[in-house]
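Chain by chain, the residues run as shown.
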Amino acid sequence: CARRTPRAMALRHAAQRLAQRAAPLAGQAARPLLIPFYRHMASDANLLKTALYDFHLEMGGKMVPFAGHSMPIQYKDSIMEATQHCRSKASIFDVSHMLGSSMRGKDAIEFVESIVVGDIRGLKNGTGTLSVVTNDKGGIIDDTVVTKVNDEDVYIVLNGACSEKDQAHINKHLKAFKAKGKDCEFIVHGDRSLLAFQGPKAVDVLQPLTDIDLGKLYFGMFTETSIAGKPVWLTRTGYTGEDGFEISLKKTDTVALTKKLLENPDARMCGLGARDSLRLEAGLCLYGNDLNEEIGPIEAGLTWTIGKSRREKCDFVGGDVIKAQLADPKTVTKRRIGLKVGKGAPARAGSKILSSDGVEVGEVTSGGFSPVLQENIAMGYVLKSHAKAGTELQVETRGRKSEAVATKMPFVTCHYHRPA
């Protein structure tokens, strides 16, 4: 059989993880495709194309079906090279498959707080936070970044693979909310693209192209400005663990701005394969793998997303369940952990996690080979009795067992731009 090179293995496992996320999500992690989805033709007439589609092809992008769109999994470089480039310089990701949206109206904050667990009212204008949308059972419908633009405008970016069910959930609850005479409108920004510009050199590339002082735009902050003369919504955030930005702009300006960023030799296009490796190294969850509607924020290690001011009432969908869990932590029996896995094939989603004496105690939800650490890493859920960092475990993949150890996340040091 063909030799499995690290590059081929990285591509295969990235494709499997992305395939899971792109599949329909209905309360549980989707099954991986039997044939790696990056082999499917990207010319499928049913796939949506972003404003950068033709440019991706010009740049040598390998296009794959993802979240209903034709998206680049990688370019001419390998996933390992692309991951390392983002950690050292600056990478541009087309993430226009994401659902950019806004809630606007004098009761917008009240409505948003009825569907997410975060303290949105307590945010300063122009700042945001990671939060989760919950169902009636306290499970996670989606994870999202919520930004309070002002008291009557809340900007929300939702996962592209969850777009349909998210909109159905929001519209259902918004209808009941407005029936009470409340003022809130749900706006989907279908005329905009979204770029993620990530890496330690991203700020150096952007600063000459804008009039604002990016040194004063800290992690989680949002502003409306212009870059290279193009009006944008700029948020200092990302999904890589590196310093960086997400840039929302008109579709008609997307190609021109991307080309302008690429004039700097430190900037490079980057695909979804490397984005997956980067987020795993940073210990960030992938919806459909590490989060689903059967998992709540407490077992997912996301208790911190539940605003302290909201824990007494928990007046959001599924809040009664989460309030009971906060009151009695013993009712939550599992915990998401990081794993460093020994030599051999990387752990995959669905691999069994065993105790040191071979008893099954959990399951891997994401795993792969870390291009930066040059070792196998994973995350998954285990019984809380085996969740402490340093606990010796085993991972069983395709009938073969490898030694593993529970590890704190992130696996790599994150470099978010915060006040000194």
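A brief look at the structure comes next.

Remarks on the pattern of salt bridges
Next up, step 1: With the rule as written, the count across this model stands at 17 salt bridges.
Next up, step 2: In this structure, Asp243 engages Arg236 in a salt bridge whose closest nitrogen and oxygen atoms are separated by 2.7 Å. Of the two residues examined, Asp243 and Arg236, each falls in the buried class.
Next up, step 3: Each of Arg87, Glu242 and Glu281 takes part in one network of salt bridges that share partners.

Quick word on the sheet that holds strand E17 (residues 375-383)
Next up, step 1: Taken in spatial order, the six strands close into a barrel running E14-E17-E16-E15-E18-E19, and their pairing is antiparallel. Within this sheet the neighbouring strands show an average axis-to-axis angle of 40 degrees, counted without direction.
Next up, step 2: Note: strand E14 (residues 334-341) against E17, eight bridges, orientation antiparallel. In the sheet register, Val341 faces E17, and the bridge partner there is Asn376.
Next up, step 3: Docked against the sheet, helix H8 (residues 272-281) engages strand E16 (360-370) and E17, running at close to 125 degrees with respect to E16.

Quick look at the sheet that holds strand E13 (residues 267-269)
Strand pairing within a sheet occurs via backbone hydrogen bonds; the two strands may be parallel or antiparallel.
Next up, step 1: Across the sheet, which stays open at both edges, the six strands sit in the order E10-E11-E12-E9-E3-E13 with mixed pairing between neighbours. Edge strands, defined here as strands with exactly one partner in the open sheet, are strand E10 (222-227) and E13. Shown here is a sheet whose adjacent strand axes are inclined to one another by a mean of 30 degrees, direction ignored.
Next up, step 2: Docked against the sheet, helix H3 (residues 79-88) engages strand E3 (90-94), strand E9 (192-198) and E13, running at close to 120 degrees with respect to E3.

Here we look at the environment of Thr331
Next up, step 1: For Thr331, the position within the fold is in the loop between helix H9 (319-327) and E14.
Next up, step 2: If we ignore the near neighbours within four places in the chain, the residues touching Thr331 are Ala324 and Gln325.
Next up, step 3: A distance of 2.8 Å separates a polar atom in the side chain of Thr331 from the backbone oxygen of Asp328.

Side note on the pairing of strand E2 (residues 69-74)
Next up, step 1: In terms of burial, E2 is a largely internal element, six of the six residues being buried.
Next up, step 2: Both strand E1 (residues 62-66) and E2 contribute to a ladder of five bridges, which runs antiparallel. Within E2, the position partnered with Val64 by the bridge is Met71.
Next up, step 3: Between E1 and E2, which pair antiparallel one after the other, the connecting turn spans two residues, and Ala67 there sits at a positive phi close to 50 degrees.

Some details on the packing of helix H4 (residues 108-115) against helix H5 (residues 163-178)
Next up, step 1: Remark: H4 packs on H5, axes separated minimally by 11 Å, with the N-to-C direction vectors making an angle of 130 degrees. Put simply, H4 runs oblique to H5. When you trace H4 past H5, the crossing you get is right-handed. Of the residues in H5, those in contact with Glu110, Phe111 and Ile115 of H4 are His169, Ile170, His173, Leu174 and Phe177.
Next up, step 2: The class makeup of the residues in the contact of H4 with H5 is five nonpolar, two polar and one charged.

Considering H5
Next up, step 1: Taking 1.5 Å per residue, 16 residues should reach 22 Å; H5 reaches 22 Å between its end C-alpha atoms and fits that length.
Next up, step 2: At its buried positions, H5 is contacted by strand E4 (99-104), H4, strand E5 (127-134), strand E6 (140-150), strand E7 (153-158) and strand E8 (185-188).

Brief notes about the nonpolar core
Generally speaking, soluble globular proteins have nonpolar side chains that are buried together.
Next up, step 1: Counting 23 residues, the largest nonpolar core has Phe197, Leu206, Leu234, Phe245 and Ile247 as its most contacted members.
Next up, step 2: Among the elements of the structure, E3, E9, helix H6 (202-206), strand E11 (230-235), strand E12 (244-250), helix H7 (254-262) and E13 are those that each provide at least two residues to this core.
Next up, step 3: Per element, the largest residue contribution to this core is four residues, and it comes from H6.
Next up, step 4: The contacts of Phe197, once residues within four sequence positions are left out, are Ala90, Ser91, Ile92, Ala202, Val205, Leu206, Gly244, Phe245, Ile247, Leu261 and Ala267.
Next up, step 5: Within the second largest apolar cluster, 21 residues are counted, among which are Met103, Val116, Ile120 and Ile141.

Describing the side chain of Asp243
Next up, step 1: Checked against the element boundaries, Asp243 lands in the loop between E11 and E12.
Next up, step 2: Here Arg236 takes part through its side chain, which lies 2.7 Å from a polar atom of the side chain of Asp243.
Next up, step 3: Discounting chain neighbours no more than four positions away, the residues touching Asp243 are Gln198, Gly199, Val203, Arg236, His415 and His417.

Criteria and thresholds
Residues numbered from 1 in each chain as written. Predicted model: local features only at pLDDT ≥ 70, side-chain atom pairs only at ≥ 80, totals over all residues. Heavy atoms only, no water. Salt bridge = Lys/Arg side-chain N within 4 Å of Asp/Glu carboxyl O. Buried < 20%, exposed > 50% of the residue type's maximum accessible area, 1.4 Å probe, protein only. Pairing = 2+ DSSP bridges. Helix = DSSP H or I, 4+ residues; strand = E, 2+ residues; numbered from the N terminus. Axes fitted to C-alpha atoms, helices over the stretch in contact; angles between N-to-C directions. Contact = heavy atoms within 4.5 Å. Polar contact = N/O pair within 3.5 Å; in protein donor to acceptor, adjacent residues only side chain to side chain. Parallel < 35°, antiparallel > 145°, perpendicular 65-115°, else oblique. Left-handed = near helix turned anticlockwise from the far one by under 90°. Nonpolar A, V, L, I, M, F, W, Y, C, P; charged D, E, K, R; others polar. Expected span 1.5 Å × (residues − 1). Core = buried A, V, L, I, M, F, W, Y, C linked by side-chain atoms within 4.5 Å.

By themselves these figures say nothing about function.
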